[in-house]
Amino acid sequence: MVMAIPMTRPPTPLRKRKPEWALAIELRRTQLQLSQEVVAERAEMSQSYYSDIERGSKELMGLTLGKLLGLARALDWTLLDMQRATGVDFGLAELELVGEGSADVYPLDAALDPSRPGAPVDHDAVAPGIVRPLLLRADTEEMQGTTRASIRPGSILHVDLNDTELDEGRVYVITDEDGPHVRLYTVTRLGAVFRAENRIFEDIPADEARVVGRVVSVASDYDPNLN
């Protein structure tokens, strides 16, 4: 009599638990009601690459700075937001740091009320020596030109809110009835004005503007040599 030998199945491997940071990214995506494909497109990476991140098989700290920034923007986060949500330390300081350190970057419209700047659009290291920093994105072509004072749209303006004393040849963030502007202060034969580098924009008389602060430094590919 031949006895049947019962067959035993190999044990099912345990599914590896997702790291907490990957769960936070997946949660953010689902809260925004976005597909993986959409997030990957926004982040300028392949869908499979993003999927590896969300599964936790591709380490967040292994990404380049460019990919980290792209991922954060795709999820409507700043890098600081992503650091807080995922618990992964990117070495970013909180906004309370003043002067040397890092801070959130806001749209130029935040100059209308710096005490309530709204939602940030990026994060950047603050230029040394600024007493009261406000980092703004140059959402204007007013200062785009060919001289050393030229500022490309999208550059990050490091503004010192404590420096409102006008000095000829310096660049300031100002506001008037038309909104915020980035302009160079100069004195002409007709009086003091805030002048745009891009000459399609008219001068703004100095007595018609409110000075928000001086642009101490600009983070861009160009060197405006403002200091």
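Reading the values: rules and limits
Residues numbered from 1 in each chain as written. Predicted model: local features only at pLDDT ≥ 70, side-chain atom pairs only at ≥ 80, totals over all residues. Heavy atoms only, no water. Helix = DSSP H or I, 4+ residues; strand = E, 2+ residues; numbered from the N terminus. Buried < 20%, exposed > 50% of the residue type's maximum accessible area, 1.4 Å probe, protein only. Contact = heavy atoms within 4.5 Å. Salt bridge = Lys/Arg side-chain N within 4 Å of Asp/Glu carboxyl O. Core = buried A, V, L, I, M, F, W, Y, C linked by side-chain atoms within 4.5 Å. Arc of directions from axis to C-beta. Axes fitted to C-alpha atoms, helices over the stretch in contact; angles between N-to-C directions. Parallel < 35°, antiparallel > 145°, perpendicular 65-115°, else oblique. Nonpolar A, V, L, I, M, F, W, Y, C, P; charged D, E, K, R; others polar. Phe/Tyr/Trp six-rings, centres within 6.5 Å; stacked < 30°, edge-to-face > 60°. Polar contact = N/O pair within 3.5 Å; in protein donor to acceptor, adjacent residues only side chain to side chain.

Let's shift gears to the overall build of the protein. A tally of regular secondary structure across the protein gives five helices and nine strands. Starting at the N terminus and walking to the C terminus, you meet the elements of the protein as α-α-α-α-α-β-β-β-β-β-β-β-β-β. For the protein, the proportion of its 227 residues judged to be buried stands at 43%. Within the protein, residue pairs in contact and separated by at least 24 positions form 55% of the contacts whose partners lie at least 6 positions apart.

By the definition in use, this model includes twelve salt bridges. Here Arg-73 and Asp-122 are joined by a salt bridge, their closest N and O atoms 2.9 Å apart. Separated by 49 residues along the polypeptide, Arg-73 in helix H4 (residues 65-74) and Asp-122 in strand S2 (residues 122-126) bring together distant segments of the chain. The buried category is assigned to Asp-122, whose relative accessible area is 14%. Note that Asp-167 is salt-bridged to Arg-170, the shortest N-O span being 3.7 Å.

Core analysis: the biggest nonpolar cluster contains 23 residues, and Ile-25, Ile-53, Leu-60, Leu-71 and Met-82 have the highest contact counts within it. When contributions to this core are tallied by element, the ones reaching two or more residues are helix H1 (20-31), helix H2 (36-42), helix H3 (47-55), H4 and helix H5 (79-86). Among the elements that make up this core, the one with the highest residue count is H4 (five residues). Excluding anything up to four places from it in sequence, Met-82 contacts Leu-68, Leu-71, Ala-72, Trp-77, Gly-87 and Phe-90. Listed in part, the 20 residues of the second largest apolar core include Tyr-106, Leu-108, Val-173 and Val-212.

Looking now at H3. Residues that lie three or four places apart on an α-helix share one face, since the helix turns once every 3.6 residues. Here H3 has its buried residues at Tyr-50, Ser-51, Ile-53 and Glu-54. The arc that holds the buried residues of H3, viewed along the axis, is 160°, so those residues lie on one side. Looking at the packing, one finds that the buried side of H3 touches H1, H2 and H4. One or two positions beyond H3, positive phi appears at Gly-56, with a value near 90°.

For H4, every residue scored as buried is listed here: Leu-68, Leu-69, Gly-70, Leu-71, Ala-72 and Ala-74. Looking at the buried positions of H4, the neighbouring elements they touch are H1, H2, H3, H5 and S2. Downstream of H4 by a residue or two, Asp-76 has a phi angle that is positive, lying close to 55°.

Two numbers describe how H1 lies on H3: the axes approach to 7 Å, and their chain directions differ by 120°. Taken as axis vectors, H1 and H3 run oblique relative to one another. Counting all contacts with H1, which are made through Trp-21, Ala-22, Ile-25, Glu-26 and Arg-29, the residues of H3 involved are Tyr-50, Ile-53, Glu-54 and Arg-55. When its residues are assigned to classes, the contact of H1 with H3 shows five nonpolar, no polar and four charged.

Here the focus is the packing of aromatic side chains. Applying the stated rule across the entire model yields two aromatic pairs. Ring centres 6.3 Å apart and planes at 75° place the aromatic pair Tyr-172 and Phe-194 in the edge-to-face group. Remark: Phe-194 occurs in strand S7 (residues 191-195) and Tyr-172 occurs in strand S5 (residues 171-176); sequence separation between them is 22 residues. Residues Tyr-172 and Phe-194 agree in their burial class; the two are buried. Taken together, the aromatic side chains of Tyr-172, Tyr-185 and Phe-194 make up a single cluster linked through ring pairs.

With that settled, consider the environment of Thr-188. Relative to the helices and strands, Thr-188 resides in strand S6 (residues 179-188). If we ignore the near neighbours within four places in the chain, the residues touching Thr-188 are Val-193 and Arg-195. For Thr-188, the side chain forms a polar contact with the main-chain oxygen of Gly-191, separated by 2.9 Å.

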